Amino acid sequence: MAGRAHPALPGLPGILQERAAGPRRLAFRFLADGTSDEAVDWTYHDVHAHAGRIAADLLGRELAGRRVVLALDPGLHYIAALFGIFRAGATAVPSFPPTGKRAVARFASIVVDSTPDVIIADRRLEGRVAQFAAELPATVRAPEWLFVDDAYFLGPEPAEAIPDAVSDPALLQYTSGSTGDPKGIVLTHENLVSNCRSLEHNMGYEADRVGCTWLPPYHDMGLMGTIMLAVHGGWPLVLMSPAHFVQQPYRWLKAITDHKVTISVGPNFAFDMCTSGITDDELETLDLSTLRQVFCGSEPVSRVTLEKFRERFAPRGYDETSLIPCYGLAEATLYVSGKPAGTPLRTERLDREALENGTVRRSGAADGEPGQVAHIVSCGTVADGHDVTVVDPETLRPLPAGRVGEIWVSGPNVAQGYLGRPELTAATFTARTAGDDGRTHLRTGDLGFLLDGELFVTGRLKDLVVIAGRNLYPQDIELTVRQAHEQIRGCAAFAVPGEQGEQLVVAAEYRGTARRLAAEGAAVLEAVIAAVTAEHGVRPAAVHFGPVGAIPMTTSGKVRRDATRKAYLQGTLKKLTPVTDDTPQAVR
Ligand code: 649
């Protein structure tokens, strides 16, 4: 980047410092056990002081410009360490503790790709590091570990350094990218502040704003969308760990009730979990009338989910106008579009077939004619200072409103690129339309259309599978499937729409005959389901077995997932029908 675009703009470390110097006000309230019984409060002064402790340690190691991996549990130490890394002028790599098989593999891939000098972890992991280090390839320079606990933060006086170069890299975000092919998105301090500003433009000002989040702090929505936004805006944020929410979704809504929360956020699946997972007795204890803004993004926003949520919680003061469907991605720091505050929800009832062919046409079909109508929820207007162009992904020509194409984004939220991947960065972050409109764009890999200035997200060009708020990479799942049973050759993993959001489907090529599959099919199926569930935490909704050659491939031998998915949905994907001995196979 040439020079500083906004020399007057303070970065988040400067903003925190200013707030810490002011009157003591509540910054974060962490519900340590997921309830209000064990709340720990930190003022801005506390955050700044704790961050200073980390910064003092890091400055002693001359880490300016180097990367530091954050491997703490969700909570206050995480936030202190994040701001400490910023204050030392280092680049933070938000991650999670390397515990459990899946987490260790993903963590290792982040460490190998980001080559950190230091990893900050909880002291309780001290004895386990040797085992983790042994799993790193020998070519990786061993990072130092900085172990922290409550006592650590009582240590020496904080250092005062605060970086003022807002165009420096602040953060490396690994939300996107498969374990086998990690991609670190480089964000500057300017990106972080710009994202906060565009969200605040959408949210407007509220004197008594109180936020609540259980989102993981290593995901863009939890980090840039809640923790950083709260510091930038200067309002308190009530936090709990994602695990506490998932165990009991009631805790989220109870925290909103107890702390008179005005703003919160969750992916579509969280709303489903609340609708089906809260007892009538629990429901009675809730008061959601203080909520004025509830963001819903990160996976397709389902009209059915929102209606069920409204039916269950309207009697407890939930007002659907507060619901804000929104769209974004880590490559754009976070935020791309959202429903303007105070406006009603908008859903378009569209002809499904026309939509699949790329055209938006209001459906004339009556309700009750399933399959013909697609209800698409609007993700609102594009972030202030940003632009969305819908582009034909093949010809790269911009499409008019009402036509489905790839969503391209330009504006100050767009990140700098992928660490160490110049070609992929050029293709993804600096795309140009055919007939060049003079700008560069981020290619999101998502499909959608614009209508009356609002963005509707309809699908994905990229092969990402998003289930229960988790981004799954088909390549990773396919590797697991191929290793699950010796009779499986090729395979494709993809998502199909289900009753409650997306579902995972696996199509596999079986090496044997239909007759053999009839004999051992149940065992193969069991092996595939068990392996995928154990490795990826998601149970496939269906496993399709076809003969070798059933899965469409490119000439260079790559799996054509979209073609496989289409054939599967149309029922034309070649199938190995288990046959019994009396089936006259020979005459076919
Ligand atoms: C998406 C992040 C959307 C993501 C969030 C604004 C307290 C309470 C609230 C608060 C502050 C404090 O998934 C974020 C904007 C939050 C404001 C909170 O305010 N990033 S990702 O990189 O992991 O994945 C991106 C992909 O997810 C899919 C797309 O494929 C996208 O490329 N996705 C959606 N798909 C369909 N519909 C949507 N609305 C989608 N949003 C993301």
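Computed from a prediction, not measured in an experiment: that's the story for all the values here.

A word on the overall build of the protein chain
So, step 1. The secondary structure content of the protein chain amounts to 17 helices and 28 strands.
So, step 2. Against the compact-globule benchmark of 25 Å for 588 residues, the protein chain has a radius of gyration of 25 Å, which places it among compact chains.
So, step 3. Overall size of the protein chain, expressed as C-alpha extent along the three principal axes, is 85 × 60 × 55 Å.
So, step 4. When the 588 residues of the protein chain are sorted by exposure, 54% land in the buried category.
So, step 5. Sequence separation of 24 or more characterises 72% of the internal contacts of the protein chain that already satisfy a separation of 6 or more.
So, step 6. For the protein chain, the accessible surface area stands at approximately 25,000 Å², while carbon and sulfur atoms represent 51% of it.
So, step 7. Looking at charge distribution, the protein chain has the averaged site of its 58 positive side-chain charges lying 4 Å from that of its 70 negative ones.

Considering unusual backbone geometry
So, step 1. One non-glycine residue with positive phi stands out, namely T115, at about 40 degrees.
So, step 2. The residue T115 is located in the loop between α4 (101-114) and β5 (118-122) in this model.
So, step 3. The backbone phi angle of S298 is positive, close to 90 degrees, even though this residue is not glycine.
So, step 4. With a relative accessible area of 28%, S298 lands in the partly exposed category.

As for the pairing of strand β19 (residues 387-391)
Looking along a regular strand, one sees side chains alternate from face to face of the sheet.
So, step 1. Of all five residues that make up β19, four are buried, and the element is covered over most of its length.
So, step 2. Looking at chain direction, β19 and strand β20 (residues 405-410) are connected through five bridges and run antiparallel. The residue bridging V390 from the neighbouring strand is I407, located in β20.

A look at helix α16 (residues 514-536)
So, step 1. In this model, α16 (23 residues) spans only 29 Å end to end at C-alpha, well below the 33 Å of a helix rising 1.5 Å per residue.
So, step 2. Largest kink in α16: about 70 degrees, centred on E520.
So, step 3. Listed in full, the buried residues belonging to α16 are A514, L517, E520, G521, V524, V528, I529, A531, V532 and H536.
So, step 4. Looking at the packing, one finds that the buried side of α16 touches α4, β25 (470-472), α15 (474-484), β26 (488-498), β27 (501-510) and β28 (542-547).

Here's the deal with the pattern of salt bridges
Pairing of side chains with opposite charge becomes possible as their charged atoms draw close.
So, step 1. Inspection of every chain in the model, using the stated rule, returns 30 salt bridges.
So, step 2. Across the salt bridge formed by D57 and R61, the nearest N and O atoms sit 4.0 Å from each other.
So, step 3. Classification of D57 by relative accessible area gives partly exposed; the value is 21%.
So, step 4. Taken together, the shared-partner salt bridges in this structure form one network comprising R346, E348, R362, D452 and E454.

Quick notes on the confidence of the model for the protein chain
So, step 1. Residues with a pLDDT of 70 or more make up 93% of the protein chain, whose mean pLDDT is 90.
So, step 2. Predicted confidence for residues 1-8 stays below pLDDT 50, and this span has 11 contacts to residues more than four positions away or in other chains.
So, step 3. The low-confidence segment residues 579-588 (pLDDT under 50) makes seven contacts with residues lying over four places distant or belonging to another chain.
So, step 4. Reported for the predicted complex are a pTM of 0.87 and an ipTM of 0.99.

A few points about the site of the ligand
So, step 1. If you check the shell around the ligand, you find 32 residues, and the closest are D220, C326, A330, D446 and K462.
So, step 2. Within the side chain of D220, one N or O atom sits 2.7 Å away from a nitrogen atom of the ligand.
So, step 3. The contact in question runs from an oxygen atom of the ligand to an N or O atom on the side chain of D446, over 2.5 Å.
So, step 4. Relative to its unbound accessible surface of 880 Å², the ligand loses 99% to contact with the protein.
So, step 5. Only α7 (220-233), β13 (263-266), β15 (323-328) and β23 (454-460) provide two or more residues apiece to the shell around the ligand.
So, step 6. In terms of residues, the shell around the ligand owes the most to one element, α7, which gives five residues.
So, step 7. Looking at the shell around the ligand, its residues break down into 18 nonpolar, nine polar and five charged.

Some points on the side chain of T226
So, step 1. Locating T226 in the fold gives a position in helix α7.
So, step 2. When residues no more than four places from it in sequence are discounted, the contact partners of T226 are T213, L215, M221, L237 and V265.

Some points on the environment of D73
So, step 1. Within the secondary structure layout, D73 lies in the loop between β3 (67-70) and α3 (76-87).
So, step 2. According to the relative accessible area criterion, D73 is partly exposed, its value standing at 30%.
So, step 3. Those residues in contact with D73 that lie beyond four places of it in its chain are Y78, P97, D122 and R124.
So, step 4. Separated by 2.4 Å, the side chains of D73 and R124 make a polar contact.

A closer look at the state of the cysteines
So, step 1. For the structure shown, the criterion picks out zero disulfides.
So, step 2. C326 supplies the cysteine sulfur nearest to C196, a cysteine that is in no disulfide, at a spacing of 14 Å.
So, step 3. C196 sits in the buried class, given a relative accessible area of 0%.

Description of the packing of aromatic side chains
So, step 1. Taken as a whole and judged by the stated rule, the model has 20 aromatic pairs.
So, step 2. With 5.1 Å between their ring centres and 70 degrees between their planes, F271 and F309 make a pair best called edge-to-face. Here F271 is found in helix α10 (residues 268-277), whereas its partner F309 is found in helix α12 (residues 303-313), with 38 residues between them in sequence. F309 carries the same exposure label as F271, and that label is buried.
So, step 3. Feature note: the residues W214, F245, W252, F269, F271, F309, F313 and Y318 constitute an aromatic cluster, connected by ring pairs.
So, step 4. Against the face of Y44 rests R19, its NZ or CZ located 6.0 Å from the ring centre.

Remarks on helix α1 (residues 12-21)
So, step 1. Buried within α1 are the following residues: L12, P13, G14, I15, L16 and A20.
So, step 2. For α1, the elements touching its buried residues are α2 (44-59), α3, α6 (189-203) and α7.

Some thoughts on the nonpolar core
So, step 1. Core analysis: the biggest nonpolar cluster contains 112 residues, and F28, F83, I120, L171, M228, W252 and F313 have the highest contact counts within it.
So, step 2. The dominant element in this core, judged by the number of residues it contributes, is α3, at nine residues.
So, step 3. When residues are assigned to domains, this core turns out to be shared by domain 1 (44-187) and domain 2 (347-460), each giving three or more.
So, step 4. In this structure, A493, Y510, V528 and V543 belong to the second largest nonpolar core, which totals 23 residues.

The rules behind each value
Every chain is numbered independently, its residues counted from 1 as its sequence is written. Totals for whole chains, interfaces and linings use all residues, but because this is a predicted model, local features are given only for residues with pLDDT of at least 70 and pairs of side-chain atoms are given and counted only at 80 or more. Think of the side-chain values as coming from all heavy atoms in the structure, minus any hydrogens and water. In this text, helices come from DSSP runs of H or I with a minimum length of four residues, and strands from runs of E with a minimum of two, each type numbered from the N-terminal end. For this measure, only C-alpha atoms enter the radius of gyration; the expected value for a globule follows 2.2 Å times N^0.38, where N is the number of residues. Each residue gets one of three labels from its accessible area relative to the maximum for its type: buried under 20%, exposed over 50%, partly exposed in between, using a 1.4 Å probe on protein chains only. In what follows, residue pairs with any heavy atoms lying within 4.5 Å of each other are defined as contacts. The method behind every accessible area is Shrake-Rupley, applied with a 1.4 Å probe, and residues are considered shielded solely by the protein chains displayed. Asp and Glu count as negative and Lys and Arg as positive, but His and the ends of the chain are not part of the count. Where a charge sits is defined by one atom per residue type, namely NZ (Lys), CZ (Arg), CG (Asp) or CD (Glu). Two strands form a pair only when DSSP identifies at least two bridges running between them. To estimate the expected span of a helix, count its residues, drop one, and scale the result by 1.5 Å. Two axes enter the definition of the bend at a residue: one is fitted to the seven residues ending there, the other to the seven starting there, and the bend is the angle between them. Think of a salt bridge as a Lys or Arg side-chain nitrogen and an Asp or Glu carboxyl oxygen that are within 4 Å of each other. Residue-level confidence of the predictor, termed pLDDT, takes values from 0 up to 100. Here, proximity means that at least one heavy atom of the residue falls within 4 Å of the molecule or strand. What qualifies as a polar contact is a pair of N or O atoms within 3.5 Å, subject to a donor-acceptor requirement within protein and to the restriction that residues adjacent in sequence count only when both atoms come from side chains. In this classification, the charged set is Asp, Glu, Lys and Arg, the nonpolar set is Ala, Val, Leu, Ile, Met, Phe, Trp, Tyr, Cys and Pro, and all remaining amino acids, among them Gly, are polar. Here, the term disulfide refers to a pair of cysteine sulfur atoms separated by no more than 2.5 Å. Aromatic rings from Phe, Tyr and Trp, taking only the six-membered ring of Trp, are treated as a pair when their centres fall within 6.5 Å; an angle between ring planes under 30 degrees marks them as stacked, one over 60 as edge-to-face, and anything in between as tilted. Lysine NZ or arginine CZ positioned within 6 Å of the ring centre and within 35 degrees of the ring normal marks a charge as sitting over the ring. The term nonpolar core refers to a set of buried residues drawn from Ala, Val, Leu, Ile, Met, Phe, Trp, Tyr and Cys, joined through side-chain atoms within 4.5 Å. These domain boundaries are the output of an automatic or database domain assignment.

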